[in-house]
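Chain and residue survey
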Protein chains: 2
Amino acid sequence: MTEPLRPGGKIGILGGGQLGRMLSVAASRLGLQTHIFEPGTNPPAAQVTAELTTAPYSDTAAIRAFAKSVDVVTYEFENIPPDALDEIERICPVHPGLTALAVSQDRVKEKDFLNGLGLTTAPFAQIDGLLDLQNALSKIGTPAILKTRCFGYDGKGQVRITDADQAAAAFDAINAAPAVLEGFIDFSHEVSVIGARSIDGAVVCFDPGENVHRDGILHTTTVPANLTSAQHTDAIILTGRILNALNYVGVLGVELFVTKTGLIVNEIAPRVHNSGHWTQNGCVIDQFEQHIRAIAGWPLGDGARHSNVEMINLIGDEALNVDALATDASTGIHLYGKAEARMGRKMGHINKITGSA
Amino acid sequence: MTEPLRPGGKIGILGGGQLGRMLSVAASRLGLQTHIFEPGTNPPAAQVTAELTTAPYSDTAAIRAFAKSVDVVTYEFENIPPDALDEIERICPVHPGLTALAVSQDRVKEKDFLNGLGLTTAPFAQIDGLLDLQNALSKIGTPAILKTRCFGYDGKGQVRITDADQAAAAFDAINAAPAVLEGFIDFSHEVSVIGARSIDGAVVCFDPGENVHRDGILHTTTVPANLTSAQHTDAIILTGRILNALNYVGVLGVELFVTKTGLIVNEIAPRVHNSGHWTQNGCVIDQFEQHIRAIAGWPLGDGARHSNVEMINLIGDEALNVDALATDASTGIHLYGKAEARMGRKMGHINKITGSA
């Protein structure tokens, strides 16, 4: 794609969850249509898209037909099988590109990449067997966290190790999968930056948000975050460095730990990010539209924020409390259209406006 | 419907144009699904809805099946055949109700209703034949405007008469349809109020917007409008009076002429209104979500405005100029996904943020 997508252009989205749903709505604002590819039935994004393909990612014929039906493909999560993306790339552009995806799919590659840019991560060691883990524990010490290299999200595939004796049990708990051991970071709080890069290389970041997790799942993001001016600047600059190094196109989420000695990069996500949902009610152009603009070859929004916002995730049953939430007129409600409010499931979020920016 | 619609609830929308499209997106934010009923093929709303019925309003079986598939029905335009609505009302609630629709479908009924509330309209006369028109012209004088009683929009079905000699030609021009002759109003500018009323009778209005038309089609709406404090209050109060008198549920647009002797009601529209599009980028809860909240039995937003906005319609070719528009990051772009940019066709609009409220 060399020309910007014209109104009526079609965007393919791999994944039909809430992120795909909100991307689809953002595309509609710009006069663009979407085609959702999702293995599961009745996904949230199906309610707001022109076209839906229900097939596994391994269905090459379905993947090819999907790619042929659209002008550009993006994805709502980073655990897409690489074979499917290779197929698609032969037919149409994929944004963000496969390099970004490969880096963020693998915690070892990710940390090597970040360290290579001169950015600080937690001390870590690659774990391919129990012996690796035992050696790493003696070097990194405890407490430490054992994480599967791939396919983790929302705290899944992670075990906390407080004593070297727990090595075998911890390795069992992650099914002896390829893993990484991360050393303990003494951080005061976590922030994240939602950055974007356009096809022609322009970089724009939204203001950092401050994240609070509960049971391993993001609970709130508050904007503005508690950061010194220097930390704020650092966070934006390092996000720009990551975006440029990956020759990235689209929106990227960067999670950062704030420590006494500076910012430490926790992880990056090559997609719109839960901690950027506040932009829907805080900015003229939100992270979803920003992503669509980037992958469609449009100019980016400037990330300007008109309001202070507290984003609160609605997990499981919390989304049933809509009547009470709806009585607060300074709160934007965003529900995902999921049929079942299972425990730990993200059902929606609210953006509470707390003042003018 | 006595209980508020729960997430997953279904809203039927008659009409699949841009208003239906933006209503559907607003419903999705609240976790509600939509079913669009539209006679035309490939309507804008089809790109963002879970279900679509393509059938004429006279297809009673299709209308019944549609009504049975949803919890509540609303509409995006006031020229729905009453028979279709009668069918639907036997099966599920219709909001806004048929009284509001009947009043706004007919310019004579509308003016009688408004005058009955003590509100000022243009002087007018009912025209059922050329003789009526000649008599009315001698009474009301020229300039005057001859308008068909029903089915007019965007300046269609209207003829300006500057001399009584033009009576026959003017009556011909509207195909001798039942009509109304309206006397000339010496107004300085036009404003409109987007009001809403909930099922339990709460009334909320957005700030009035100031409208400028071009070739009979709304060109810009600017908020805040140029109004004295007293005029502002009058505009809100009279809108509330109209909403209450109609026992209205949903969003209503009220167009007002500002004159030296006070506000004159031009017309009312029982639906979301083009002059309320600014709310998408000026308020946490916009007119589309406000309408969905009202008809779904939810509490209303408070109409609070965080930004000053200039809404500019993109008519015909103007929507092709997206590249230039997209470079202004303080501008929200809203395109309707229409395939063809015909002359005079509303293709989209932009909301330019001009400052904090």
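Residues numbered from 1 in each chain as written. Chains lettered and ligands numbered in written order. Predicted model: local features only at pLDDT ≥ 70, side-chain atom pairs only at ≥ 80, totals over all residues. Heavy atoms only, no water.

**Comments concerning the sheet that holds strand 2 (residues 33-38) of chain B**
Residue and element names in this part refer to chain B.
- The sheet built from 4 strands is open, its strands ordered 3-2-1-4 with parallel pairing. Strands at the two margins of the open sheet, each flanked by one partner only, are strand 3 (51-54) and strand 4 (72-75). Strand-to-strand twist in this sheet, taken as the mean axis angle between neighbours without regard to direction, amounts to 20°.
- Note that strand 1 (residues 10-14) and strand 4 share 4 bridges and pair parallel. Each residue of the ladder has a partner; that of leucine 14, found in strand 4, is tyrosine 75.
- Where helix 2 (residues 60-68) meets the sheet, its contacts fall on strand 1, strand 2, strand 3 and strand 4, and the angle it forms with strand 2 comes to roughly 170°. (Pairing = 2+ DSSP bridges. Helix = DSSP H or I, 4+ residues; strand = E, 2+ residues; numbered from the N terminus. Axes fitted to C-alpha atoms, helices over the stretch in contact; angles between N-to-C directions. Contact = heavy atoms within 4.5 Å.)

**Considering the packing of aromatic side chains**
- Applying the stated criterion to the full structure yields 10 aromatic pairs over all chains.
- Look at tyrosine 57 of chain B and phenylalanine 77 of chain B: their rings are 6.1 Å apart centre to centre, the planes differ by 40°, and that puts the pair in the tilted class. One end of the pair, tyrosine 57 of chain B, is in the loop between strand 3 and helix 2; the other, phenylalanine 77 of chain B, is in the loop between strand 4 and helix 3 (82-89), and 20 residues separate them in sequence.
- Between phenylalanine 206 of chain B and tryptophan 278 of chain B, the ring centres sit 6.2 Å apart and the planes meet at 80°, which makes this aromatic pair edge-to-face. With a gap of 72 residues between them, phenylalanine 206 of chain B in the loop between strand 10 (203-205) and strand 11 (209-214) and tryptophan 278 of chain B in the loop between strand 14 (262-269) and helix 9 (279-282) connect regions that are remote in the sequence.
- By relative accessible area, phenylalanine 206 of chain B is classed as buried at 2%.
- Members of the aromatic cluster, connected to one another through ring pairs, are Phe37, Tyr57, Phe66 and Phe77 of chain A. (Phe/Tyr/Trp six-rings, centres within 6.5 Å; stacked < 30°, edge-to-face > 60°. Buried < 20%, exposed > 50% of the residue type's maximum accessible area, 1.4 Å probe, protein only.)

**Quick look at the interface of chain A and chain B**
- Taken residue by residue, the interface counts 38 residues in chain A and 38 residues in chain B.
- When chain A packs against chain B, the two sides together hide about 3,200 Å² of surface, and 56% of this comes from carbon and sulfur.
- Taken as a group, Gln47, Val284 and Ala329 of chain A account for 17% of the area that chain A buries against chain B, more than any other trio of residues on that side.
- Along the contact surface separating chain A from chain B lie 2 salt bridges.
- Summed over the shared surface of chain A and chain B, the result is 12 residue pairs in polar contact (both at pLDDT 80 or more).
- Where the side of chain A that touches chain B is concerned, the elements lending two or more residues are helix 1 (18-29), helix 11 (322-326) and strand 16 (331-335) of chain A.
- A total of 5 residues in the side of chain A that touches chain B trace back to one element, the largest contributor, which is strand 16 of chain A. (Buried area = accessible area lost by both parts, 1.4 Å probe. Salt bridge = Lys/Arg side-chain N within 4 Å of Asp/Glu carboxyl O. Polar contact = N/O pair within 3.5 Å; in protein donor to acceptor, adjacent residues only side chain to side chain.)

**Re the relation of the copies chain A and chain B**
- Between the two copies, chain A and chain B, the superposition gives an RMSD of 0.0 Å; the rotation angle is 180° and the shift along the axis is 0.0 Å. Overall, the copies show the geometry of a two-fold rotation axis. For chain A, the smallest separation between a C-alpha atom and the rotation axis is recorded for valine 48 of chain A, amounting to 1.9 Å.
- A shared interface surface links the copies, since 100% of the contact residues of chain A are contact residues in chain B too. (Least-squares fit on C-alpha atoms with pLDDT ≥ 70 in both.)

**A closer look at the sheet that holds strand 7 (residues 158-161) of chain B**
Residues and elements named next belong to chain B.
- Ordered in space as 5-8-6-7, the 4 strands form an open sheet in which the pairing is antiparallel. The sheet is open, and its two borders are formed by strand 5 (124-127) and strand 7, each paired with just one other strand. Across the sheet, the axes of successive neighbouring strands diverge by a mean angle of 20°, strand direction being ignored.
- One ladder, built from 4 bridges, connects strand 6 (residues 144-148) with strand 7; its direction is antiparallel. Bridge pairing links alanine 144 to isoleucine 161 in strand 7.
- Along the sheet, helix 5 (residues 107-116) contacts strand 5, strand 6, strand 7 and strand 8 (179-183); its crossing angle with strand 8, the most-contacted strand, is approximately 50°.

**Concerning the pattern of salt bridges**
- Summed over all chains, the structure comprises 30 salt bridges over all chains.
- Across the pair glutamate 87 of chain A and arginine 64 of chain A runs a salt bridge whose closest N-O atoms are separated by 3.0 Å. Of the two residues, glutamate 87 of chain A sits in helix 3 (residues 82-89) while arginine 64 of chain A sits in helix 2 (residues 60-68), which places them 23 residues apart along the sequence.
- For glutamate 51 of chain B, the salt bridge is made with lysine 10 of chain B, and the minimal N-O distance between the two is 3.5 Å. You can see glutamate 51 of chain B sitting in strand 3 and its partner lysine 10 of chain B sitting in strand 1, a full 41 residues away along the chain.

**Quick notes on the nonpolar core**
- Counting 47 residues, the largest nonpolar core has Ile333 of chain A together with Ile11, Leu32, Ile292 and Trp298 of chain B as its most contacted members.
- If you tally residues by element for this core, the top one is helix 1 (residues 18-29) of chain B, at 5 residues.
- Discounting chain neighbours no more than four positions away, the residues touching tryptophan 298 of chain B are Val322, Ala326, Ile333 and Leu335 of chain A together with Pro4, Leu5, Leu30, Ser198 and Arg293 of chain B.
- One finds Ile194, Val272, Phe288 and Leu300 of chain A within the second-largest nonpolar core, a separate group that totals 46 residues. (Core = buried A, V, L, I, M, F, W, Y, C linked by side-chain atoms within 4.5 Å.)

**Remarks on the side chain of asparagine 351 of chain B**
All names here are of chain B.
- Position of asparagine 351 among the secondary structure elements: in strand 17 (residues 346-356).
- Taking the relative accessible area as the measure of exposure, asparagine 351 reaches 0% and is therefore buried.
- Side-chain polar atoms of asparagine 351 contact the backbone oxygen of histidine 277, separated by 3.0 Å.
- Excluding residues within four positions of it along the chain, asparagine 351 makes contact with His277, Trp278, Gln280, Asn281, Val309, Glu310, Met311, Ser330, Thr331, Gly332 and His334.

**Observations concerning the packing of helix 1 of chain A against helix 10 (residues 287-295) of chain A**
Residues and elements named next belong to chain A.
- With their axes 8 Å apart at the nearest point, helix 1 and helix 10 run at an angle of 70° to one another. The angle between the axes of helix 1 and helix 10 places the two elements in the roughly perpendicular class. The way helix 1 lies across helix 10 gives a crossing that is right-handed. Contacts between helix 1 and helix 10 involve Leu19, Met22, Leu23, Ala26, Ala27 and Arg29 from the first element and Phe288, Glu289, His291 and Ile292 from the second.
- Among the residues making up the contact of helix 1 with helix 10, the classes are represented as 7 nonpolar, 1 polar and 2 charged. (Parallel < 35°, antiparallel > 145°, perpendicular 65-115°, else oblique. Left-handed = near helix turned anticlockwise from the far one by under 90°. Nonpolar A, V, L, I, M, F, W, Y, C, P; charged D, E, K, R; others polar.)

**Details of the packing of helix 3 of chain B against helix 4 (residues 98-105) of chain B**
Residue and element names in this part refer to chain B.
- The N-to-C vectors of helix 3 and helix 4 enclose an angle of 175°; their axes lie 12 Å apart at closest approach. Compared by their axis directions, helix 3 and helix 4 come out roughly antiparallel. Taken together, the residues of helix 4 that come into contact with helix 3 (itself represented by Pro82, Leu85, Asp86 and Glu89) are Leu98, Leu101 and Gln105.
- When its residues are assigned to classes, the contact of helix 3 with helix 4 shows 4 nonpolar, 1 polar and 2 charged.

**Details of the environment of alanine 235 of chain B**
- On the secondary structure map, alanine 235 of chain B appears in helix 8 (residues 229-245).
- Dropping the residues within four chain positions of it, alanine 235 of chain B is found in contact with Val193, Pro208, Leu256 and Leu263 of chain B.

**A closer look at helix 5 (residues 107-116) of chain A**
Residues and elements named next belong to chain A.
- Taken together, the buried positions of helix 5 are Arg107, Val108, Glu110, Lys111, Phe113 and Leu114.
- Backbone nitrogen of valine 108 and a side-chain oxygen of the N-cap are separated by 2.8 Å at the start of helix 5; the cap is aspartate 106.
- Where helix 5 terminates, the next one or two residues include glycine 118, which has phi positive at roughly 85°.

**Digging into the confidence of the model for chain A**
- Looking at chain A, pLDDT values average 95 and 98% of them are 70 or higher.
- On the interface metric, ipTM, the complex scores 0.92, and its pTM is 0.94. (pLDDT = per-residue confidence, 0-100.)

**Details of the state of the cysteines**
- Following the criterion strictly, the structure yields 0 disulfides over all chains and no others.
- For cysteine 205 of chain B, which is in no disulfide, the shortest distance to another cysteine sulfur is to cysteine 283 of chain B and amounts to 12 Å. (Disulfide = S-S within 2.5 Å.)

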